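Read off the chains here:
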Amino acid sequence: MICFETITHFRERLQALMDYKRSVYSGAETEIKSAFKGVSIEQIRQNRDMILMQDDSIAIKLRLPDHRQRLSKKDGYRLIYLVSMIEERVAFLDIYPKRGPLQQLDIPDEELLRLLSLYVQEGNNDQLQFFDIST
Amino acid sequence: MELATPGGYSVSQLSRLNRELDDLYELIYADWNTITEQDYAVFGGQFQLLVNTIKQLYDDCRRSDAHCQMKGELERLGMNYSALYELNSDIVNFRIKAPHNAELQSMMSKASKVLNR
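Conventions used here
- Residues numbered from 1 in each chain as written.
- Chains lettered and ligands numbered in written order.
- Predicted model: local features only at pLDDT ≥ 70, side-chain atom pairs only at ≥ 80, totals over all residues.
- Helix = DSSP H or I, 4+ residues; strand = E, 2+ residues; numbered from the N terminus.
- Rg over C-alpha atoms; globule rule 2.2 N^0.38 Å.
- Buried ≥ 20, exposed ≤ 12 C-beta atoms within 10 Å, placed from the backbone.
- Contact = placed C-beta atoms within 7 Å.
- pLDDT = per-residue confidence, 0-100.
- Pairing = 2+ DSSP bridges.
- Axes fitted to C-alpha atoms, helices over the stretch in contact; angles between N-to-C directions.
- Parallel < 35°, antiparallel > 145°, perpendicular 65-115°, else oblique.
- Left-handed = near helix turned anticlockwise from the far one by under 90°.
- Nonpolar A, V, L, I, M, F, W, Y, C, P; charged D, E, K, R; others polar.
- Core = buried A, V, L, I, M, F, W, Y, C linked by C-beta atoms within 7 Å.

Bringing the overall build of chain B into the picture now. In terms of helices and strands, chain B carries 4 helices and 0 strands. Secondary structure elements in chain B, listed N-terminal to C-terminal, are α-α-α-α. Since a compact globule built from 117 residues should have a radius of gyration of about 13 Å, the 18 Å found for chain B marks it as more spread out than a globular shape. Seen through its C-alpha atoms, chain B measures out along the principal axes to roughly 60 × 30 × 20 Å. Among the 117 residues that make up chain B, the fraction classed as buried is 28%. Within chain B, contacts between residues separated by at least 24 positions form 76% of all contacts whose residues are at least 6 apart in sequence.

See the structure below:
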């Protein structure tokens, strides 16, 4: 069974989207769950959205649609995650929208470095939290 | 690819430009993570220029009197700018800079140890 875990930054970013006024981004959590529900670990690993691969791990910037706002994968959300090439383990690091008031155009390599650093820190301090994609 | 000043741009022309930009995005995105530094040296300058030109056109059109008539296509143009900007940024950040970024590679190794333990 694939284990999905999250860092604090991801949870805060997702919550900010879910709480945003007029429910603009309220479909974000559903889009994440739809993208991973029933998907094999091989499908999660093999993705053309891969941005970095090293030492049995892959960092991926996944393009997600926003069905609620009728936006394609190109214009929807970006989910940054790590996936192990050995274990059935996935870590969500960040999510942001490509459109609207919280729009983010890209993710610089310095920001990826910061996200990885947060993951290492929280992993070493047992602060990572399980993310249930089945509900 | 057709470029024009906002004053002389019809909705149908903007629509055609958007279709061409959609196709260009799909073309580059299909192979983006196999693009090498040498590849980018060939087309990167022109690609960057194109992205900047689309942004300029988008800003000019938004300020023009015909703004309301072309609202839908203008919104698509904005999305195409955003998509192509991101693609260019991903190529520069993760295909060209990342392999030379020792700090990023070291942190990825540390993250890998945590992920695989």
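So, about the overall build of chain A. Each helix and strand counted, chain A has 4 helices and 6 strands in total. When its helices and strands are written in sequence order, chain A yields β-α-α-α-β-β-β-β-α-β. A globule of 135 residues ought to have a C-alpha radius of gyration of about 14 Å, and chain A, at 14 Å, matches this closely. The 135 residues of chain A split such that 39% are buried. Here the analysis covers contacts within chain A between residues at least 6 apart in sequence; of these, 57% occur between residues at least 24 apart.

Moving on to the confidence of the model for chain B. Per-residue confidence for chain B averages 91 on the pLDDT scale, and 93% of its residues sit at or above 70. We note a pTM of 0.93 for the whole complex and an ipTM of 0.94 for its interfaces.

Moving on, we get to the sheet that holds strand S4 (residues 77-84) of chain A. Residue and element names in this part refer to chain A. The mixed open sheet is built from 6 strands, whose spatial order is S2-S3-S4-S5-S1-S6. Since the sheet does not close on itself, it has two edges, and those belong to strand S2 (50-54) and strand S6 (129-130), each with one partner. Sheet topology note: the S4/strand S5 (residues 89-97) ladder contains 7 bridges and is antiparallel. Along S5, the bridge assignment pairs Val 83 with Val 90. Here helix H1 (residues 8-19) sits on the sheet in contact with strand S1 (3-6), S5 and S6, set at roughly 40° to S5.

For the rest of this paragraph, the subject is the pairing of S1 of chain A. All names here are of chain A. Residues Phe 4 and Thr 6 point to one face of S1 and are all buried, whereas Cys 3 and Glu 5, pointing to the other face, are not buried. In this sheet, S5 lies alongside S1 in parallel orientation, the contact comprising 4 bridges. Of the residues in S5, the one forming a bridge with Cys 3 is Arg 89. As judged from the 2 bridges shared by S1 and S6, these two strands associate in the antiparallel manner. Across the sheet, residue Thr 6 finds its bridge partner in S6, namely Gln 129.

Moving on, we come to the packing of helix H4 (residues 109-124) of chain A against helix H4 (residues 102-115) of chain B. For the pair H4 of chain A and H4 of chain B, the least separation of the axes is 9 Å and the interaxial angle reads 30°. Relative to H4 of chain B, the element H4 of chain A lies roughly parallel. Crossing of H4 of chain A over H4 of chain B shows left-handed handedness. Residues Asp 109, Leu 112, Leu 113, Leu 116, Ser 117, Tyr 119, Val 120, Gly 123 and Asn 124 of chain A of H4 of chain A form the contact with H4 of chain B, whose participating residues are Glu 103, Leu 104, Met 107, Met 108, Lys 110, Ala 111 and Val 114 of chain B. When the residues that make up the contact of H4 of chain A with H4 of chain B are grouped by side-chain class, the tally is 10 nonpolar, 3 polar and 3 charged.

Quick look at the interface of chain B and chain A now. At the interface, 26 residues of chain B touch 30 residues of chain A. Looking at the side of chain B that touches chain A, the elements with two or more residues in it are helix H3 (71-97) and H4 of chain B. Ranked by the residues each element gives to the side of chain B that touches chain A, the list is headed by H4 of chain B, at 11 residues. Residue composition of the side of chain B that touches chain A, grouped by class: 12 nonpolar, 9 polar and 5 charged.

The nonpolar side chains of soluble globular proteins are, as a tendency, buried together. Leu 79, Tyr 81, Leu 82, Ala 91, Leu 93 and Tyr 119 of chain A together with Ala 111 of chain B are the most contacted members of the largest nonpolar core, which has 42 residues in total. The set of elements that each furnish at least two residues to this core consists of H1, helix H2 (28-36), S2, strand S3 (57-64), S4, S5 and H4 of chain A together with H4 of chain B. If you look at the next biggest cluster of nonpolar residues, it comprises 17 residues, including Val 51, Cys 61, Tyr 81 and Leu 87 of chain B.

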